[in-house]
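Here is how the chains run, residue by residue.
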Amino acid sequence: MNEVDAPVRDAPGPAGPGGLGPGDLRTLLDEGTRAVVDRGDLRTGRDRFERAFRVAESAGEDRAMAVAALGFGGLWAHEHRTVAGSVLLESRIRRALETLDPRSSLALRLRIRLAGEGDYRNSDTTAVLELLEQARAGQNPMARAEALSLAHHCLIGPEHGALRRELAAELVAESFRTARRSDLLMGLLWQTVDMFLDGDPHAERCLSELRGLLAEQDHLAVGFVVSAMEVMLAVRAGRLDEAETLARACTERGIAAGDVNATVWQAAQLVTIRWYQGRIVELVPLLSEMVNSPTLSAVDDHALAALAVAAVTAGDRRKAVSALATLSGHDLGDLPRSSSWMVTMHGVAEAAFLLDDTATAARVHELLSPYAHLPIVGSLAVACFGSAHHALGVAALTVGDVDRAVAHLRDAVRQNLALGHWPAVTASWERLAMALVRAGRPDEADAVRREMAVAAGSAGPPPGTDWASGPRGQDQDPPGQDGPGQDGRDRRGQDQDRANGDRKNPGRGDPAPKDRDGRNRNGRDEGGKDEGGPGQEAQEQDGQELPPASCTRLGRKWRVGFGGRSVLVDHSVGMLHLVVLIANPRQEIRAVDLVAGLTALDGAAERSVPSGQRALDRVAMREYRGRLARLRVELDEFQAAGDHERAAVAQAEHDWLVGQLASATGLAGRARRFPDDGERSRVAVSKAVRRALDRIAAADPVIGEHLRHAVHTGVRCSYWPA
């Protein structure tokens, strides 16, 4: 081993920033290495290597500075997404390289990291593959392992499947030479990703092996990716409600690991779930923000494609056309073939269909055709939209090549059945029926619909499944057109109108154009605004009382749900009051308590208050503390049982109660006092809630009307769902 490759040792030298010496420098490097390699804790690793670099640079410890620069890069390619972050990483690597013997293994490892960062951003593989060959010719197994993993990450596009699998297998073998558990985990993870990307029927076998290793000893970064795969598999199985719960847990794991993809993947998972639920319109605000997020990879374009689909479905044609034009640029073929490219093409095909953009659809068909045999899987197998034949069939349908569309969509049904992707099977059946109608083969279209009905009713979907419940887009007759005598035309003519109505004639006296599950394109159910108006309260469904409304935080917005509908609204003081009331149905809460609790919930600084009435009397505080103790027990039980939904509800109540007690008590837990100002609180809460209700009603009149009838404000406030 060359001296430049030897481990960092204590050596005399000046103290670094904050008075840290050489011993502290070694500690920082050791802690950073253990965090990333042993635990997959990317956040802690970045912190330790960041500090170590500054100390080493100040102390003139060249090799330690190089080790810190290498560790600062992390586990994946392109962890530093912002311009400033990526420039900082590369400048530190170049600074370290200036101090090293270029023949050393450490210098080679730094060059490999630098090449991997550049090739990933440029959708290239030339530099990193050249350095992989140098690493193979050398004697350092860690250099080979790092080159294999980074090269694999740069080759994640659809055209590199065979080479990726070779690299993943080689990385597993190399892990026994490095003796680093993380190399084995990464090799198995890349193998699992490759098998899902290729549609390999044995992918879940490899995933099971990976799960077993993580059960023995967790690795946060790899475990985060595995949890994202679990979300994808739940979507494939049609368990969409469960998938949404798993997506929230997955995001928490990503945040704990310090992975920059935590929120990006959550958005991608929500797009997949909402797409198959027919609720993609709800994500227009989220996607509008996401397309400009610095956390998106430089080669990730899927958010723009999803925004185009969501916008046109919501009726915002201008935004959809703009998003599609931004994506297409000079030529759609110029888009980087990244891990999100297949998903992007799927979205572009769907948007082109809805916009009747034949030129874009033809280009999508040309670009995607070489990969027709692959499933449309995004990133590291975190989302799946089924067979590529589906997108090709939609593109063919858009340009009017109905025979080719029928062939593609039949293949899509077959491949989606092989994948076990039941929502995608249903989606392909629906479009196949439409294509058959347009091809003048209504009897075959009816046969497809019967096949759908048998599949939906024979075994029945598993608990929590949404994919086969209720009407499904074009395979259902609109209300009021159940028979051939309604408008003097036969069934074939009505089928043809339904097939064309999605794009050509969306308003001719018929119900509003429908989305995939029979919802109107504006995101409202039949019987909502277009049928019964906002005054018709959605209090019953199938003769049963609907469950209460719900509120879920999504970044800077809230998702308000009721009766199978939901809408996104901006965060506000009034929304915080509504969250508390909805979380405590049929309970009266004083306006002064809502205002007092809000101070702690929003993190406002405590303010001195003059003596007067107690914010909470002793009995109330005792009850609150007793309820808190019970909630902590319930939280432990829910989390142990994996019941994330009930745990989230309990956590919300817990946080509110903590806020109440924090704002109502002073030093040593004594009751805080405030002036007798109930009238001021009543007015403030009433105005804030009213503004929040106005925003909700503007976005969805049905939900708004329900809440206006059910939420009562005054000195005491409450939510009475029925």
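Before reading on, note that the structure itself is shown above.
Residues numbered from 1 in each chain as written. Predicted model: local features only at pLDDT ≥ 70, side-chain atom pairs only at ≥ 80, totals over all residues. Heavy atoms only, no water.

## What to know about the packing of aromatic side chains
Thought 1: Scanning the entire structure with this criterion turns up four aromatic pairs.
Thought 2: Between Trp76 and Trp190 the ring centres are 5.8 Å apart and the planes differ by 90°, which places this aromatic pair in the edge-to-face class. Highlighted residues: Trp76 in the loop between helix 3 (62-72) and helix 4 (83-99) and Trp190 in helix 9 (residues 181-197), separated in sequence by 114 residues. Grouping residues by exposure puts Trp76 and Trp190 together as buried.
Thought 3: Seen from their ring centres, Phe224 and Trp265 are 4.8 Å apart, and the 20° between their planes marks the pair as stacked. Of this pair, Phe224 sits in helix 11 (residues 220-236) while Trp265 sits in helix 13 (residues 262-277); the two residues are 41 residues apart in sequence, bridging distant segments of the chain. Side by side, Phe224 and Trp265 carry an identical accessibility label, which is buried.
Thought 4: Above the face of the Phe72 ring, Arg92 is positioned so that its terminal group lies 5.1 Å from the ring centre.
Thought 5: The ring of Trp341 has Arg337 sitting right over it, with the charged end atom 4.3 Å from the ring centre. (Phe/Tyr/Trp six-rings, centres within 6.5 Å; stacked < 30°, edge-to-face > 60°. Helix = DSSP H or I, 4+ residues; strand = E, 2+ residues; numbered from the N terminus. Buried < 20%, exposed > 50% of the residue type's maximum accessible area, 1.4 Å probe, protein only. Lys NZ or Arg CZ within 6 Å of the ring centre and 35° of its normal.)

## Overview of helix 20 (residues 402-419)
Thought 1: Taking 1.5 Å as the rise per residue, helix 20 with 18 residues should run 26 Å; its terminal C-alpha atoms sit 25 Å apart, in good agreement.
Thought 2: Every buried residue of helix 20 is listed here: Val402, Ala405, Val406, His408, Leu409, Ala412, Val413, Gln415, Asn416 and Leu419.
Thought 3: On its buried face, helix 20 sits against helix 11, helix 18 (358-368), strand 1 (375-378), strand 2 (383-387), helix 19 (388-399) and helix 21 (422-438).
Thought 4: Backbone geometry just downstream of helix 20 places Gly420 in the positive-phi region, at approximately 70°. (Expected span 1.5 Å × (residues − 1). Contact = heavy atoms within 4.5 Å.)

## A look at the pairing of strand 12 (residues 716-719)
Thought 1: Direction of pairing for strand 8 (residues 589-590) relative to strand 12: antiparallel, over a ladder of two bridges. Residue pairing for strand 12: Ile589 is matched across the bridge by Cys717.
Thought 2: As paired elements, strand 11 (residues 711-712) and strand 12 share two bridges and run antiparallel to each other. By the bridge assignment, Val711 is partnered in strand 12 with Tyr719.
Thought 3: Once strand 11 ends, the chain turns through three residues before running back antiparallel as strand 12, passing Gly714 with a positive phi of about 160°. (Pairing = 2+ DSSP bridges.)

## Structural notes on the pattern of salt bridges
Thought 1: Counted under the stated rule, the structure contains 40 salt bridges.
Thought 2: The partner of Glu79 in a salt bridge is Arg46, and the shortest N-O contact between them spans 3.3 Å. Taken together, the residues Glu79 in the loop between helix 3 and helix 4 and Arg46 in helix 2 (residues 42-59) connect sequence positions 33 residues apart.
Thought 3: Classification of Glu79 as buried rests on a relative accessible area of 9%.
Thought 4: Between Asp101 and Arg103 there is a salt bridge; the shortest N-O distance is 2.8 Å.
Thought 5: When its relative accessible area of 23% is taken as the criterion, Asp101 is described as partly exposed.
Thought 6: For Arg103, a relative accessible area of 71% gives the class exposed.
Thought 7: Each of Glu244, Arg248, Arg274, Arg279, Glu282 and Arg559 takes part in a single network of salt bridges with overlapping partners. (Salt bridge = Lys/Arg side-chain N within 4 Å of Asp/Glu carboxyl O.)

## What to know about unusual backbone geometry
Thought 1: Of note in the backbone geometry, His78 takes a positive phi value of approximately 65° without being a glycine.
Thought 2: Here His78 lies in the loop between helix 3 and helix 4.
Thought 3: Although it is not a glycine, Ala381 sits at a positive phi angle of roughly 60°.
Thought 4: Among the secondary structure elements, Ala381 is positioned in the loop between strand 1 and strand 2.

## A closer look at the sheet that holds strand 12
Thought 1: In space, the three strands of this open sheet follow the order 8-12-11, with antiparallel pairing throughout. Taken across any chain shown, the strands that pair with only one partner, and hence form the sheet edges, are strand 8 and strand 11.
Thought 2: Against the sheet, helix 24 (residues 573-583) touches strand 8, strand 11 and strand 12, its axis set at about 65° to strand 12. (Axes fitted to C-alpha atoms, helices over the stretch in contact; angles between N-to-C directions.)

## Description of empty space enclosed by the protein
Thought 1: Under the defined criterion, the tally for this structure stands at seven cavities of 30 Å³ or more.
Thought 2: Forming the boundary of the largest cavity are 37 residues, of which Ala268, Asp300, His302, Ser340 and Ser379 lie nearest the centre.
Thought 3: When residues of the lining of the largest cavity are traced back to their parent elements, those giving at least two are helix 13, helix 15 (302-313), helix 17 (341-355) and strand 2.
Thought 4: Here the lining of the largest cavity takes six residues from helix 13, the largest share from any one element.
Thought 5: Here the residues of the lining of the largest cavity are counted per class, giving 19 nonpolar, 13 polar and five charged. (1 Å grid on protein atoms, 1.4 Å probe; cavity = no way out; pocket = protein on both sides within 12 Å on 5 of 7 lines; lining within 4 Å. Points joined across faces, edges and corners; volume = space filled by probe spheres on them. Nonpolar A, V, L, I, M, F, W, Y, C, P; charged D, E, K, R; others polar.)

## Details of the packing of helix 9 against helix 11
Thought 1: Across the interface, helix 9 lies against helix 11 with an axial gap of 11 Å and an inter-helix angle of 20°. Comparing the axis directions of helix 9 and helix 11 gives the class roughly parallel. Remark: the crossing between helix 9 and helix 11 carries left-handed chirality. Residues Leu185, Met186, Leu189, Thr192, Val193 and Phe196 of helix 9 touch helix 11, and the partners they reach there are Val222, Val225, Met229, Met232, Leu233 and Arg236.
Thought 2: A per-class count over the contact of helix 9 with helix 11 returns 10 nonpolar, one polar and one charged. (Parallel < 35°, antiparallel > 145°, perpendicular 65-115°, else oblique. Left-handed = near helix turned anticlockwise from the far one by under 90°.)

## Description of helix 2
Residue pairs spaced three or four apart in an α-helix point in one direction, given the helix's 3.6 residues per turn.
Thought 1: Over its 18 residues, helix 2 runs 25 Å from end to end, which matches the ideal 26 Å to within 8%, given 1.5 Å per residue.
Thought 2: Where helix 2 is concerned, the buried positions are Leu42, Thr44, Gly45, Phe49, Ala52, Phe53, Val55, Ala56 and Ala59.
Thought 3: Looking at the residues trailing helix 2, positive phi occurs at Gly60, about 75°.

## Overview of the environment of Asp411
Thought 1: Here Asp411 is to be found in helix 20.
Thought 2: Relative accessible area serves as the criterion here: at 26%, Asp411 is assigned to the partly exposed category.
Thought 3: Residues Asp411 and Gly393, 18 residues apart in the sequence, show an inter-C-alpha distance of 9.2 Å.

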